[in-house]
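If you want the building blocks of each chain, they are given just below.
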Amino acid sequence: MVTFHRPVDLAEALQVRAETGAIPLAGGTDLLVRHRNWAGTLPRIDKPVVYVGHLQELRRIDISGNGSGPQMTIGASVTYSELLDHPTTPQLLRDSIIELAAPGLRNVATLAGNICNASPAADAACALYALDAEVELAGPSGRRRLPIAEFITGPGRTALNNDELVTAIHLPPDNSTVKFYKKVGTRRANALSKLSLCACARIVDRTVTEIGIAVGAVAPTIVRDRDIEHHLQNTAPEQLALRIPQTLQQYAELIRPIDDQRSTAEYRKHTALALIEQFLTHELR
Amino acid sequence: MREIRFTLNGREVSTSAHPMARLIDVLRDEFRMTGVKEGCGEGECGACSILKDGRIVNSCILAVGMIEGAVLETPEGIAATDRGRAINAGYAEAGAVQCGFCMTGMAVATEALLRQNPAPDEHQIRTAISGNLCRCTGYAMIVDGIKRAAIKGSGLW
Ligand SMILES: Cc1cc2nc3c(=O)[nH]c(=O)nc-3n(C[C@H](O)[C@H](O)[C@H](O)COP(=O)(O)OP(=O)(O)OC[C@H]3O[C@@H](n4cnc5c(N)ncnc54)[C@H](O)[C@@H]3O)c2cc1C
Ligand code: FES
Ligand code: FES
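Residues numbered from 1 in each chain as written. Chains lettered and ligands numbered in written order. Predicted model: local features only at pLDDT ≥ 70, side-chain atom pairs only at ≥ 80, totals over all residues. Heavy atoms only, no water.

A separate point is the interface of chain A and chain B. Of the residues lining the interface, 32 residues belong to chain A; the matching set on chain B comes to 28 residues. Surface buried jointly by chain A and chain B totals about 2,400 Å² across both partners, of which 60% is contributed by carbon and sulfur atoms. Of all residues in chain A, F4, R6 and R36 of chain A bury the most surface against chain B, accounting for 21% of the area lost on that side. On inspection of chain A and its partner chain B, the count reaches three salt bridges. Between E68 of chain B and R6 of chain A there is a salt bridge, with the nearest N and O atoms lying 3.8 Å from each other. Between the two partners, chain A and chain B, sit ten residue pairs in polar contact (both at pLDDT 80 or more). Only α2 (31-34), β3 (49-51), α3 (80-85) and α5 (103-106) of chain A provide two or more residues apiece to the side of chain A that touches chain B. (Contact = heavy atoms within 4.5 Å. Buried area = accessible area lost by both parts, 1.4 Å probe. Salt bridge = Lys/Arg side-chain N within 4 Å of Asp/Glu carboxyl O. Polar contact = N/O pair within 3.5 Å; in protein donor to acceptor, adjacent residues only side chain to side chain. Helix = DSSP H or I, 4+ residues; strand = E, 2+ residues; numbered from the N terminus.)

Moving on to the site of ligand 1. Taken together, 33 residues surround ligand 1, and among them P24, T29, D30, Y80 and D123 of chain A come closest. Mapping the residues adjacent to ligand 1 onto the chains of the assembly identifies chains A and B. With respect to ligand 1, the side chain of Y80 of chain A contributes an N or O atom lying 2.6 Å from an oxygen atom. Contact between ligand 1 and A101 of chain A: an oxygen atom at 3.4 Å from a main-chain N or O atom of the residue. Here ligand 1 has 1,000 Å² of accessible area as a free molecule, and 94% of this is covered by the chains. Listed by contribution, the elements that provide at least two residues to the shell around ligand 1 are β2 (23-25), α2, α6 (111-117) and β10 (165-171) of chain A. Partitioned by chemical class, the residues of the shell around ligand 1 number 20 nonpolar, eight polar and five charged. (Near = heavy atom within 4 Å. Areas by Shrake-Rupley, 256 points an atom, 1.4 Å probe, with all protein chains shown as cover. Nonpolar A, V, L, I, M, F, W, Y, C, P; charged D, E, K, R; others polar.)

This part takes up helix α3 (residues 82-94) of chain B. Residues and elements named next belong to chain B. An ideal rise of 1.5 Å per residue puts 18 Å on 13 residues; α3 measures up with 18 Å between its terminal C-alpha atoms. Restricting attention to buried positions, one finds in α3 the residues G84, A86, I87, G90, Y91 and A94. For α3, the angular spread of buried residues about the axis comes to 160 degrees, placing them on one side. On its buried face, α3 sits against α2 (75-79), α4 (103-116) and α6 (140-152). G95 lies just past α3 and shows a positive phi near 65 degrees. (Expected span 1.5 Å × (residues − 1). Buried < 20%, exposed > 50% of the residue type's maximum accessible area, 1.4 Å probe, protein only. Arc of directions from axis to C-beta.)

All names here are of chain A. Contact pair helix α11 (residues 244-254) / helix α12 (residues 265-283): the axes reach a minimum separation of 10 Å and the direction vectors enclose 145 degrees. Classified by chirality, the crossing of α12 by α11 is right-handed. Along its contact with α11, which presents I244, T247, L248, Y251 and A252, the element α12 presents K269, L273, I276, E277, L280 and T281. Counted by class, the contact of α11 with α12 contains seven nonpolar, two polar and two charged residues. (Axes fitted to C-alpha atoms, helices over the stretch in contact; angles between N-to-C directions. Left-handed = near helix turned anticlockwise from the far one by under 90°.)

This part covers the confidence of the model for chain B. Chain-level statistics for chain B give a pLDDT mean of 97 and a share of 99% at 70 or above. In the predicted assembly, ipTM is 0.97 and pTM is 0.96. (pLDDT = per-residue confidence, 0-100.)

We now examine the pairing of strand β3 (residues 49-52) of chain B. Residues and elements named next belong to chain B. The sheet contact formed by β3 and strand β4 (residues 55-58) spans four bridges and is antiparallel. Looking at β4, one finds that S49 is bridged to N58. Two elements, β3 and strand β5 (residues 71-73), share two bridges in a ladder whose sense is antiparallel. Along β5, the bridge assignment pairs L51 with E73. (Pairing = 2+ DSSP bridges.)

This is how it looks when you write it as structure tokens:
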């Protein structure tokens, strides 16, 4: 029978994890659905479970300022609803959460769960790629921090060790002046993405100084390519427009979607490129 | 095994259920809260909605060990209040009930919404019930019922 641990604090949670290899449980909206069983029976999980959703150390949102704006540290067990209620949550992340699932899910589900699940269709994770988020991990040998693109290593795979927990997600100051979020799904609520585009840019004095483009559900992991972005930076919007055909060709190489029950590869590729084009032509001005 | 304590419709209760048991099973089988319905069993339909610390959650994808110390309200608890009666009256007046299977979950979503926002607009109502599926009504009458409930219960939230 599955063992359930409810540690009193993070230290005990890490100890349980190190000693038993227990699976972390936050909102349970991925884990308990994946292991669901018949009504009236226990879920089918072959390892112990360590609940972390209640841990005070993981339930905080901290704001620290450096000259360029507020930096946000989001505790691993902060729910989506709490992020929507917080005034500092960047608009792009907010937009992705508003279209994620429904209120009953958002009241329990977490960002940390979304990234640890490491689905290429994870909506909040896609926004975190565009926002340059970093993932903070704690384990027996201390804490470490990884950019989200290094934390997620493949579909359903992450750099999390068996004795570690995600403790927080760090967001640098969001200085973007343009944000663009598009989720293509079958219906508004409770539908997983067929594909999604999270993009932001900073335009100062008619120059695109920074740009971040993340595409979800079109490859084994969320796509973000800094080389392509680099070629678009420090240009005026009208110069940038000239580079669009070449840029789309570069993205076409990276976008390698699959057919599944939600959509076809062809539709995903076509639509993803159309959305990138829309962002580059209509939003950046 | 250690008892799990929580508050259920204003009463302090405890259960000796396995902490990984589904909350919906404990509420229905042990506490006889059969207003909590099982539709999909995977978080998509909202039939099993309850309030946890004042917020709507799906009891089919919560383990009972996760709600230790929480304040829970089921459709039964809500129906017994003046607000619950206003919700029922609003739905009845709008003719919003057909087979009725989704209704307890809809009432919980309505209570959760009106607590946060006693005068919601159409968009806010549709967002609030976006996790509650109804196979019968097409939602228009439900939205109307919620508007009527907000007026009938005006001042209660
Ligand atoms: C009906 C429904 C609709 C959904 N719609 C969407 C949607 O539109 N878009 C979307 O992206 N997702 C959607 N999801 C998936 C899911 O809700 C999200 O991925 C959610 O963010 C998961 O968070 P959680 O806290 O519930 O994770 P859990 O289920 O608790 O955990 C998920 C994974 O993360 C691990 N984990 C959790 N916390 C930690 C930690 N602190 N350290 C290390 N590992 C940890 C767990 O071990 C597990 O592997 C939906 C799910 C359902 C049931
Ligand atoms: S039975 Fe819980 S959401 Fe459908
Ligand atoms: S009235 Fe039948 S499901 Fe809503």
